[in-house]
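A structural walkthrough
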Amino acid sequence: MIVRRTAVVLASLVFLAALSGCGGDDEESATTSAPVTSVSEEEAAATAAAVTELQTVMTSLGYYSGPIDGIYGPETQAGVEAMQEDLGVTVDGIYGPETHAALGEKATSIVVEIQTVLAEYGYYAGEIDGAYGPETTAAVEQLQEDLGVAVDGRFGPETAAAFNNAVANGELQPV
């Protein structure tokens, strides 16, 4: 099962490589992991579901024509930037709350992936509903605290990288 395989390695929520800049004050925001040019096989698998969903959504909207490979690389970042420009939001290449809110329903599936992985690792006990609300934010904050990264409730590049490393090193395991 894709979600379980992602959860085993992800241990990036991310929430989802594809989970950068997520959370914060918005009730519904999503994330993808940090833009990277190369990642280990384990890191790629850890964030693949969320990034794959983002790439799929952007492809259907005409913003991405690269491979649906689950890697938040230069092509994915460029697609996010083009989409942000058209949506009239800050163009920074990071799929964060502002971009998520502008996309609305299409972004929900990315948050579902993040919530699923957080639940798999014991950080999230709420409903898997695709809303990046207070429970999801609190789960990300607890994860960040445990990982020793800045605690801001946003599943961004730093959180994704720390999460991927913790899973790869066996420091985090599914419950």
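Small disclaimer: the values here were computed from a predicted structure and weren't measured.

Remarks on the overall build of the chain
If you tally the helices and strands in the chain, you get seven helices and zero strands. Along the chain direction, N to C, the helices and strands of the chain fall in the order α-α-α-α-α-α-α. Total accessible area on the chain stands at roughly 7500 Å², and carbon and sulfur atoms take up 48% of it.

Quick look at helix α5 (residues 108-120)
Side chains three or four residues apart in an α-helix point the same way, a direct result of the helix having 3.6 residues per turn. With 13 residues, α5 should cover 18 Å at 1.5 Å per step; its first-to-last C-alpha distance of 18 Å lies within 8% of that length. Counting buried positions along α5 yields 10 of 13 residues, so the element is predominantly enclosed. Looking one or two places after α5, you find Gly122, whose phi comes out positive at around 80°.

Things to note about the nonpolar core
What tends to happen in soluble globular proteins is that the nonpolar side chains get buried as a cluster. Membership of the largest hydrophobic core comes to 32 residues, with the highest contact counts inside it found for Tyr95, Leu118, Leu143, Leu147, Phe163 and Leu172. Contributions of two or more residues to this core are made by α2 (41-61), α3 (74-87), α5, α6 (134-147) and α7 (157-168). When near neighbours in sequence (up to four residues on either side) are disregarded, Leu147 contacts Thr159, Ala162, Phe163, Ala166 and Leu172.

Considering α3
Compared with the 20 Å implied by 1.5 Å per residue over 14 residues, the 20 Å span of α3 between its first and last C-alpha is a close match. Inspection of α3 places Thr76, Gly79, Val80, Met83 and Gln84 among the buried residues, and these make up the whole buried set. Along the long axis of α3, the arc covered by the buried residues comes to 135°, so they all point the same way. Of the residues in α3, the exposed ones pointing more than 90 degrees away from the buried face are Pro74, Glu85 and Asp86. Just past α3, the residue Gly88 takes up positive phi, approximately 80°.

Quick notes on the environment of Gly62
With respect to the element layout, Gly62 can be found in the loop between α2 and α3. Taking C-alpha positions, Gly62 is 8.8 Å from Met83, a pair spaced 21 residues apart along the chain.

Each value, and the rule that gives it
- Residues numbered from 1 in each chain as written.
- Predicted model: local features only at pLDDT ≥ 70, side-chain atom pairs only at ≥ 80, totals over all residues.
- Heavy atoms only, no water.
- Helix = DSSP H or I, 4+ residues; strand = E, 2+ residues; numbered from the N terminus.
- Areas by Shrake-Rupley, 256 points an atom, 1.4 Å probe, with all protein chains shown as cover.
- Expected span 1.5 Å × (residues − 1).
- Buried < 20%, exposed > 50% of the residue type's maximum accessible area, 1.4 Å probe, protein only.
- Core = buried A, V, L, I, M, F, W, Y, C linked by side-chain atoms within 4.5 Å.
- Contact = heavy atoms within 4.5 Å.
- Arc of directions from axis to C-beta.

Remember that the coordinates give geometry; whether it matters functionally is a separate question.
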